Amino acid sequence: MSLEQKHVICRACHAQCGLIVDFKDGKPVATHGNKDNPAYAGFSCSKGRDLQNYHSYPSRLKHSLKKSSGGYDDYEWKTAAKEMAKKIKLIINEHGPDSVALYIGTFGYNTFPSHAFALAFMKAIKSQMIFTSVTIDQPGKAITAALHGIWLAGGYRHKEWDGLLIMGSNPLVSMLGGVGANPAKNLHEAKKRGMKLIVIDPRVTETAKQADLHLQCNPGYDGEILACIIRTIIQEDYHDKDFIKKETKGFSDLVEAVQPFTPKKVSEFAGVTEEELVEAARLYGSFKKADISLGTGPNMSGAGNLSEYLGKVIMSLMGHWRREGELKENVGVFVNGFPPIAAGSGSTPATGFGKKLRVRDLEESTAGLPTGALADEILTPGKGQVKALLVLGGNPMLAWPDQIKTFKAMKKLELLACFDPRKTKTGILSDYIIAPKIHYERYSTSAPNELLGNFGNGWGYEDTYGQICDPILDVPEGSNLCEEQEFFYEMAKELGLNLTINSMAFVDPNVASQNQTIIKTDEPFPDPISIWEAILKGSPVSYVEARKDPDSFKGKRFDRKPDIIQKKPDDWPGYLNIGHPIMISKLKEISLKFGGSPIADAFPFRLISRRLKDALNSAWHESSSLKKRLPHHPAYINPSDMLKVGINDGDLVEITSERSSIKCKSYSAVDVKVGCLAVPHGWGTNPDEEDDPINSGGNTGRLSFNDKNFDPITGIPIMSAIPVKLSKLN
Ligand SMILES: Nc1nc2c(c(=O)[nH]1)N[C@H]1C(S)=C(S)[C@@H](COP(=O)(O)OP(=O)(O)OC[C@H]3O[C@@H](n4cnc5c(=O)[nH]c(N)nc54)[C@H](O)[C@@H]3O)O[C@H]1N2
Ligand SMILES: Nc1nc2c(c(=O)[nH]1)N[C@H]1C(S)=C(S)[C@@H](COP(=O)(O)OP(=O)(O)OC[C@H]3O[C@@H](n4cnc5c(=O)[nH]c(N)nc54)[C@H](O)[C@@H]3O)O[C@H]1N2
Ligand code: SF4
Ligand SMILES: [Mo]
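Rules behind the numbers
Residues numbered from 1 in each chain as written. Chains lettered and ligands numbered in written order. Predicted model: local features only at pLDDT ≥ 70, side-chain atom pairs only at ≥ 80, totals over all residues. Heavy atoms only, no water. Axes fitted to C-alpha atoms, helices over the stretch in contact; angles between N-to-C directions. Helix = DSSP H or I, 4+ residues; strand = E, 2+ residues; numbered from the N terminus. Parallel < 35°, antiparallel > 145°, perpendicular 65-115°, else oblique. Left-handed = near helix turned anticlockwise from the far one by under 90°. Contact = heavy atoms within 4.5 Å. Nonpolar A, V, L, I, M, F, W, Y, C, P; charged D, E, K, R; others polar. Near = heavy atom within 4 Å. Polar contact = N/O pair within 3.5 Å; in protein donor to acceptor, adjacent residues only side chain to side chain. Areas by Shrake-Rupley, 256 points an atom, 1.4 Å probe, with all protein chains shown as cover. Salt bridge = Lys/Arg side-chain N within 4 Å of Asp/Glu carboxyl O. Buried < 20%, exposed > 50% of the residue type's maximum accessible area, 1.4 Å probe, protein only. Pairing = 2+ DSSP bridges. Phe/Tyr/Trp six-rings, centres within 6.5 Å; stacked < 30°, edge-to-face > 60°.

Colleague: Could you give an account of the packing of helix H5 (residues 112–124) against helix H20 (residues 484–494), naming the residues involved and the relevant values?
Modeller: Where H5 meets H20, the closest approach of the two axes is 8 Å, and the angle between their N-to-C directions is 20 degrees. The angle between H5 and H20 falls in the class roughly parallel. Helix-helix and strand crossings are classified by hand; for H5 and H20 the assignment is left-handed. Where H5 abuts H20, its residues Pro-113, Ser-114, Phe-117, Ala-118 and Phe-121 lie against Glu-484, Gln-485, Phe-488, Met-491 and Ala-492. Among the residues making up the contact of H5 with H20, the classes are represented as 7 nonpolar, 2 polar and 1 charged.

As structure tokens, this is what we get:
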């Protein structure tokens, strides 16, 4: 018997944990954390620990598929690429380049080469119709970066925090939310050091259980709660007047706009007491080096841009940004961050520079094109109608809002192709499913998580951590699998086009496009190392150099000096905008209709989103750990609400919104706010299939309209805090 250990990067989520795989007689038998890894320090989650099984899940495709009259045929991927390219050409000839759209889902991001080649392909065919899951996730972050501006030196990291405010995020499960690569350990250490944690969430989440102060709010009032905190911070004189004067604009407009948000008024509808609101403001006001992190909850419940914006405004009011002369340790390994200058970038437009959609006056914003409107772009006839959709590592049928409309849209397409290792609910409507190599079978780096570090406070790495990973397992015997980038290359080759790859080692897209590599399709497909070299062109540490050190494959701290934050030049034009007119008018708008629109008696509950430890959106539902822990898709309901409606734990329930209804199995959960149902997204059947609440669960996307209550900038509709009613299913 031979035993061996190999290092790997788990790409099952953005966290990109450095793990170890145990091999027995050449077969992977276990995957686990690596306690010597300097960033993850032994961390792994149940999905990572299931990776060796994931490669042979029954649902895993070993061949690409093409739809035929009798179902699906196994297909050579190269043949599929040639056929799809021909079809795309016909569609473009008839309807123009923008009739071909690309949707990049969560897995399209986690694999940089596929992402970069997909974008390059779209550029080559001259289509601007590139959509991603960002606009149905936390688009408020990109809008805030534009309107508020970015503090170039960044914020403080968990080792330095004396305080942290988390709103509508659960980093102990989601690994997003700013507590670093090993959130449980980092949070524990920070708290031991005296850091105080404030959590604002309708659920007593794993993270809220650690909080010094938990505001168990009603969902959908985050803008009001933050405005109230701002009002109190200013009124009680906690703000940093010197920082505000030197580095920000808009203070007086802000002060005026938050006046209506008194603790008394906000406490009337936000589900928290006046005292709790004031206590949260005082506690945050007492912090010197703190961070505010918002998650999907506030972004999906109606005022995402405003909530994200006000989160940053509080940090700027308090001056919780890294200052001149301080050290910045995360100076980048594979990704270049912002220059280490103690200065605001200035406010830039969030829209008005890109592609305009034909529907609802929506257009490209700093968060990208509105995915919430893509179904309409497919369904609305006329010039510019989308006829072909390429789905890279996503699952629109279970992830997009308005499942009923999404279904109609998918059926309407002349060409639908999914790049996915499984035949998903979108896959079963597709003309082609392209089966990729996965995890152990691919080259990867920790760059995706590092790049994320520039988009969310406390995301990414603390310091100069990086890892490289080469394949550690052959593809299954008899399979015919590709990496998505090879597929895009084959399509481009068929169309006689070259591909121009932008480096992904820069935050600024303009700089990225100055670091391009042209992939000539009359030459052979480049080897994987050259591909990664191109993807990371211009990175602080060269990929090829990094490969020379065996420790890079285990995950290590690269030897790079921390930056000393520089003083801004005297003529620096930038600033932080804490009173942006768009956000000030949004504050006025919500102050005029306090408490939002009254909830119709017909829909007295609010359905909120939440994530599951063992699943990843619509994927990993087959994992053994999930099946053991949670055999059914749960609708978590407070027992007092169950009593009110006359349901018992485990009963099947119907959840109905203005849009439609779904069936789920109820789970009694004292940790859910009374009046809320917490239901994970990414489950359920397609609208033309039988409901299957036991095995498939209910799709929360089916409960939302994509064209009502949507954000006018990003197009995100209400995907959390959806008004619903609840009844027992007989
Ligand atoms: N109501 C409601 N709706 C939501 C949310 C919510 O909280 N509430 N969350 C939203 C959010 S935050 C997001 S990001 C979206 C997610 O939206 P999507 O990204 O569209 O959905 P996922 O389920 O993450 O789809 C990922 C797909 O990638 C596939 N995959 C796995 N590994 C690979 C690989 O190596 N290569 C390729 N090509 N594919 C792979 C998986 O099988 C899966 O089908 O959903 C959104 N929808
Ligand atoms: N295990 C696991 N990890 C994941 C994923 C997964 O599916 N499973 N998905 C990945 C993806 S795509 C993403 S984007 C991240 C998301 O990461 P997070 O944003 O941390 O996602 P959640 O864990 O769903 O936390 C959202 C929280 O918002 C609360 N909430 C809902 N509505 C409201 C509201 O109106 N106001 C407030 N204040 N709170 C509200 C919910 O109770 C929930 O606790 O996680 C990623 N990581
Ligand atoms: S947290 Fe994400 S990257 Fe880490 S082991 Fe789990 S699924 Fe993999
Ligand atoms: Mo997401």
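Colleague: Residues and numbers for the site of ligand 1, please.
Modeller: Near ligand 1 lie 30 residues; those nearest to it are Tyr-103, Thr-106, Ala-399, Asp-420 and Ser-618. Here an oxygen atom of ligand 1 and a side-chain polar atom of Tyr-103 are 2.7 Å apart. Contacts to ligand 1 include Ala-399, whose backbone N or O atom sits 2.7 Å from a nitrogen atom. Burial of ligand 1 by the protein chains amounts to 98% of its free accessible area of 910 Å². Among the secondary structure elements, those contributing two or more residues to the shell around ligand 1 are helix H4 (106–110) and helix H14 (296–300).

Colleague: Could you give an account of the pattern of salt bridges, with specific residues and numbers?
Modeller: Charged atoms that come close allow side chains of opposite charge to pair. Counting across every chain of the model gives 41 salt bridges. The salt bridge involving Arg-557 is made with Asp-463; its shortest N-O contact spans 2.5 Å. With Arg-557 in strand S24 (residues 556–557) and Asp-463 in the loop between helix H19 (447–452) and strand S20 (465–466), this residue pair connects regions lying 94 residues apart in the sequence. With relative accessibility at 43%, the residue Arg-557 sits in the partly exposed group. In this structure, a network of salt bridges that share partners links the residues Arg-360, Asp-376, Lys-405 and Asp-707.

Colleague: Could you give an account of the environment of Lys-725, with specific residues and numbers?
Modeller: As for its position among the elements, Lys-725 is in strand S32 (residues 722–728). Exposure remark for Lys-725: the relative accessible area of 39% places this residue in the partly exposed category. Not counting residues within four places of it along the chain, the set of residues in contact with Lys-725 comprises Ala-602, Phe-603, Pro-604, Phe-605, Glu-654, Ile-655 and Thr-656.

Colleague: Give me the lowdown on the sheet that holds strand S3 (residues 27–33), citing residues and values where you can.
Modeller: Across the sheet, which stays open at both edges, the 3 strands sit in the order S1-S2-S3 with antiparallel pairing between neighbours. The sheet terminates laterally at strand S1 (3–9) and S3, the two strands that pair on one side only. Taken pair by pair, the neighbouring strands of this sheet meet at an average axis angle of 30 degrees, ignoring direction. Across 7 bridges, the pairing between S1 and strand S2 (residues 18–24) is antiparallel. The partner of His-7 across the bridge, within S2, is Ile-20.

Colleague: Account for the packing of aromatic side chains, with residues named and values stated.
Modeller: In this structure the tally under the stated criterion is 21 aromatic pairs. A ring pair is formed by Tyr-103 and Trp-400, whose centres lie 5.2 Å apart and whose planes are at 90 degrees; its orientation type is edge-to-face. Here Trp-400 lies in the loop between helix H17 (396–399) and helix H18 (403–412) and Tyr-103 lies in strand S6 (residues 100–104), a separation of 297 residues in the sequence. Owing to a relative accessible area of 1%, Trp-400 belongs among the buried residues under this scheme.

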